[in-house]
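An overview of the molecular structure
Chain by chain, the residues:
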Amino acid sequence: MNTSPAKTTTPDETAAAQDAAAKDTETKDAPGTSSGAGDSATAHDDLSSKPEGDADDGIADEDLEPDPFEKARHGVGAGAAAVVSAALGVVALTGAWSGRVAAERETLIGQIKTSGGGSAAQQISEIYGDAWHTTALVNGVFAVLALLVGVVVMVRPAFGAPADRPQPAWVRAVALAGVALGVLGVLISAGMYFDLFASLPSAGTPAGG
């Protein structure tokens, strides 16, 4: 029976085989390691770039055109006050139902006072003069209110926090109209109250007196 001698391995050959196996293992593991590192770096870049994207979105939102509804709401309060001022000025010139009611009340009071007798001058003053002056006083109050509201609307932008947009031109125009009507109403009411335009009628001297 033939027996082949066992192959003996020298220490140098064993060391060389171990070095070759180690190099093969490092070569096989190298691509996976670099790929994992690359994936981690990519994920880190994505996470770090997300806030920057959000910041860019915020800047882009600010650069958008203003909301038309927000622009339409600008100056609504001032515009309403200006219209109120002009309306009060018109009422001061044309008269209000409150002034008419107050005048009728004064007329009734005058009739009650002079029902028991009185001179003609007293009757004129109590029945006609007081009613006339009351009407002038009520119209004057409306005129003063129109003047005050119009002035407040016009000078409001100069006080308080500065507005983002200037006051619309139509608001200032209507407020100025209210101020003009208020001044005119005050002058007319003052002339009526102090009998500057027309004096109270006087009782004639009886014939043969």
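Before going into details, it helps to say that this report is about the structure given with it. (Residues numbered from 1 in each chain as written. Predicted model: local features only at pLDDT ≥ 70, side-chain atom pairs only at ≥ 80, totals over all residues. Heavy atoms only, no water.)

Focus: the side chain of E126
Among the structural elements, E126 can be located in helix 5 (residues 120–155). Those residues in contact with E126 that lie beyond four places of it in its chain are E106, G110, K113 and T114. (Helix = DSSP H or I, 4+ residues; strand = E, 2+ residues; numbered from the N terminus. Contact = heavy atoms within 4.5 Å.)

A closer look at the packing of aromatic side chains
Each aromatic ring pair is described using two quantities: the centre-to-centre distance and the angle formed by the ring planes. Taken as a whole, this structure holds 2 aromatic pairs when the rule is applied. Seen from their ring centres, Y193 and F194 are 5.3 Å apart, and the 85° between their planes marks the pair as edge-to-face. Judged by its relative accessible area of 56%, F194 is exposed. (Phe/Tyr/Trp six-rings, centres within 6.5 Å; stacked < 30°, edge-to-face > 60°. Buried < 20%, exposed > 50% of the residue type's maximum accessible area, 1.4 Å probe, protein only.)

Concerning helix 4 (residues 97–113)
For helix 4, built from 17 residues, the straight-helix expectation of 24 Å at 1.5 Å per residue is met to within 8% by its first-to-last C-alpha distance of 24 Å. Where helix 4 is buried, its residues meet helix 5. (Expected span 1.5 Å × (residues − 1).)

Things to note about the side chain of S85
By secondary structure assignment, the location of S85 is in helix 3 (residues 76–94). A polar atom in the side chain of S85 sits 2.7 Å from the backbone oxygen of A146. Discounting chain neighbours no more than four positions away, the residues touching S85 are A146, V149, G150, A175, G178 and V179. (Polar contact = N/O pair within 3.5 Å; in protein donor to acceptor, adjacent residues only side chain to side chain.)

Things to note about the packing of helix 5 against helix 6 (residues 169–193)
Two elements in contact, helix 5 and helix 6, have axes separated by 7 Å at closest approach and are oriented at 155°. Between helix 5 and helix 6, the angle is such that the two are roughly antiparallel. As for how helix 5 packs across helix 6, the hand of that crossing is left-handed. Of the residues that constitute the contact of helix 5 with helix 6, the class distribution is 18 nonpolar, 8 polar and 1 charged. (Axes fitted to C-alpha atoms, helices over the stretch in contact; angles between N-to-C directions. Parallel < 35°, antiparallel > 145°, perpendicular 65-115°, else oblique. Left-handed = near helix turned anticlockwise from the far one by under 90°. Nonpolar A, V, L, I, M, F, W, Y, C, P; charged D, E, K, R; others polar.)

Considerations on a nonpolar patch on the surface
A contiguous nonpolar surface patch, about 980 Å² in accessible area, is contributed by L93, L137, V141, L145, L184, I188, Y193, F194, L196 and F197. For the nonpolar patch, the secondary structure elements donating two or more residues are helix 5 and helix 6. Mapped onto the fold, V141 is located in helix 5. (Patch = residues over 30% accessible without salt bridge, like charges linked within 9 Å, V, L, I, M, F, W, Y side chains within 5 Å. Areas by Shrake-Rupley, 256 points an atom, 1.4 Å probe, with all protein chains shown as cover. Salt bridge = Lys/Arg side-chain N within 4 Å of Asp/Glu carboxyl O.)

Considerations on helix 6
Over its 25 residues, helix 6 extends 36 Å from the first C-alpha to the last, a length consistent with the 36 Å expected when each residue adds 1.5 Å. Along helix 6, the residues classified as buried are V171, A175, G178, V179, G182, G185, S189, G191 and M192. Next to the buried residues of helix 6 lie helix 3 and helix 5. Trailing helix 6 by a residue or two, D195 shows a phi angle of about 55°, which is positive.

Some remarks on the environment of I124
Along the chain, the position of I124 falls in helix 5. Separated by 14 residues in the primary sequence, I124 and G110 have C-alpha atoms spaced 8.8 Å apart. Residues in contact with I124, not counting those within four places in the same chain, are G129, P201, S202 and A203.

Quick look at the packing of helix 4 against helix 5
Running from N to C, helix 4 and helix 5 cross one another at 155°; their axes reach a closest spacing of 8 Å. One finds that helix 4 runs roughly antiparallel with respect to helix 5. Considering how the two elements wind past one another, helix 4 and helix 5 form a crossing that is right-handed. Between helix 4, through S98, G99, A102, A103, E106, T107, G110, Q111 and K113, and helix 5, the contact on the second element is made entirely by E126, I127, D130, A131, T134, T135, V138 and F142. Tallied by class, residues from the contact of helix 4 with helix 5 come to 6 nonpolar, 7 polar and 4 charged.

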